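# Inside the fold
Each chain, letter by letter, is given below.
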Amino acid sequence: MNVLKPHISLNVSNIDASVAFYEKAFGVRATKRRPGYAKFDLASPSLNLTMQEAPRTGVNASHFGVQVASTEDVLEAKSRFEAAELRTFTEEDTACCYAVQDKVWIEDPDGNSWEVFVVKGDAAVMGSQPAMPSKSDAACCAPACCVPSKQGDAAAR
């Protein structure tokens with residue numbers, strides 16, 4: 001699998017204040033800005049950091065992920081997860097974080113969602129509604145994860 005970089009998505013209470021903080025912390029401007037959304041695509045440290053404005057809930061991390069180079073890499077990760085008997089949920093050509101993506105999701109024992117994803121292009125919207133409900137209405141692109149069986153996808157839960 002051709003891993004490009006780790007991905008962290010944060011829920012922030014004030015997008016403008018957070019962008020100002022991270023621009024100072026990283027010494028670079030945000031790569032992408034949209035209403036209630038920002039992205040830092042850093043070369044050093046190698047990191048894809050996104051944030052979306054959301055009400056404070058005590059949970060600041062939306063989800064975690066690993067960006068890969070191709071849809072084939074996403075499918076390879078899905079096969080590996082299923083062989084390890086992890087529950088998966090996949091999305092194809094989905095709009096997420098103003099990008100068109102293919103992805104596979106898993107969830108750790110504490111309920112943290114992880115995605116392996118490829119960015120295929122830009123999207124005009126923050127996100128399309130996943131087939132499964134999200135952990136909170138404010139969180140974009142983070143399904144409650146995963147499927148009811150050990151292998152395969154679920155259309156809905």
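Residues numbered from 1 in each chain as written. Predicted model: local features only at pLDDT ≥ 70, side-chain atom pairs only at ≥ 80, totals over all residues. Heavy atoms only, no water.

## Some remarks on the nonpolar core
Side chains of nonpolar character tend, in soluble globular proteins, to be buried together. In terms of nonpolar packing, the biggest core is built from 11 residues, these being Leu10, Val12, Ile15, Val19, Ala30, Ala38, Phe40, Leu42, Leu47, Leu49 and Met51. If you list the elements that add at least two residues to this core, you get β1 (3–12), α1 (15–26), β3 (37–42) and β4 (47–53). Ranked by size, the runner-up nonpolar core spans 8 residues in total, among them Val68, Val74, Val104 and Ile106. (Core = buried A, V, L, I, M, F, W, Y, C linked by side-chain atoms within 4.5 Å. Buried < 20%, exposed > 50% of the residue type's maximum accessible area, 1.4 Å probe, protein only. Helix = DSSP H or I, 4+ residues; strand = E, 2+ residues; numbered from the N terminus.)

## Details of α1
Between its first and last C-alpha atoms α1 spans 16 Å; for 12 residues at 1.5 Å apiece the expected length is 16 Å, and the two agree. Those residues of α1 that are buried are in contact with β1, β2 (32–34), β3 and β4. For α1, the capping residue at the N-terminal end is asparagine 14, with a side-chain oxygen 3.0 Å from the backbone nitrogen of aspartate 16. Directly after α1, the chain includes glycine 27, whose backbone phi takes a positive value near 75°. (Expected span 1.5 Å × (residues − 1). Contact = heavy atoms within 4.5 Å. Polar contact = N/O pair within 3.5 Å; in protein donor to acceptor, adjacent residues only side chain to side chain.)

## Quick look at the pairing of β3
Of all the 6 residues making up β3, 5 are buried; the element is thus mostly covered by neighbouring parts of the structure. Relative to β3, β2 runs antiparallel, the two sharing 3 bridges. Opposite arginine 34, over in β3, you have tyrosine 37 as the bridge partner. The antiparallel pairing of β2 with β3 creates a hairpin that spans 2 residues between the two strands, and glycine 36 there sits at a positive phi of about 75°. Examined bridge by bridge, β3 and β4 share 6 bridges and lie antiparallel to one another. From the neighbouring strand, alanine 38 faces β4, where its bridge partner is methionine 51. Taking the residues that link successive antiparallel strands as the turn, the β3-β4 hairpin has 4 residues. (Pairing = 2+ DSSP bridges.)

## Notes on the pairing of β4
Counting buried positions along β4 gives 6 out of 7 residues, so the element sits mostly inside the fold. Here β1 runs beside β4; their pairing, made up of 6 bridges, is parallel. Counted as the bridge partner of leucine 10 is methionine 51 from β4.

## Regarding the state of the cysteines
In total, this model carries 0 disulfides according to the counting rule given. Cysteine 97 forms no disulfide, and the closest cysteine sulfur to it belongs to cysteine 96, at a distance of 3.8 Å. (Disulfide = S-S within 2.5 Å.)

## Quick notes on empty space enclosed by the protein
All chains considered together, the criterion is met by 3 cavities of 30 Å³ or more. In this structure, the largest cavity occupies an estimated 70 Å³ of space. As for the largest cavity, its lining consists of His7, Tyr37, Lys39, Asn48, Thr50, Cys96, Cys97, Ala99, Gln101, Glu115, Phe117 and Val119. Mapped onto the lining of the largest cavity, the elements with two or more residues apiece are β3, β4, β7 (99–107) and β8 (113–122). Per-element tally for the lining of the largest cavity: the top contributor is β8, with 3 residues. Taken together, the residues of the lining of the largest cavity break down into 6 nonpolar, 4 polar and 2 charged. In this structure, the second largest cavity encloses a volume near 50 Å³. Secondary-structure elements contributing two or more residues to the lining of the second largest cavity are α2 (71–83), β6 (89–96) and β7. (1 Å grid on protein atoms, 1.4 Å probe; cavity = no way out; pocket = protein on both sides within 12 Å on 5 of 7 lines; lining within 4 Å. Points joined across faces, edges and corners; volume = space filled by probe spheres on them. Nonpolar A, V, L, I, M, F, W, Y, C, P; charged D, E, K, R; others polar.)

## What to know about the confidence of the model for the protein
Model confidence for the protein is summarised by a mean pLDDT of 80, while 81% of its residues fall at 70 or above. Of all secondary-structure elements in the protein, the lowest mean pLDDT belongs to strand β5 (residues 61–68), at 86, while β2 reaches the highest, 96. Counting contacts from residues 131–139, a segment whose pLDDT is below 50, to residues more than four positions away or on other chains yields 25 contacts. Low pLDDT (under 50) marks residues 144–157, which in the prediction has 42 contacts with non-local residues, meaning those over four places away or in another chain. (pLDDT = per-residue confidence, 0-100.)

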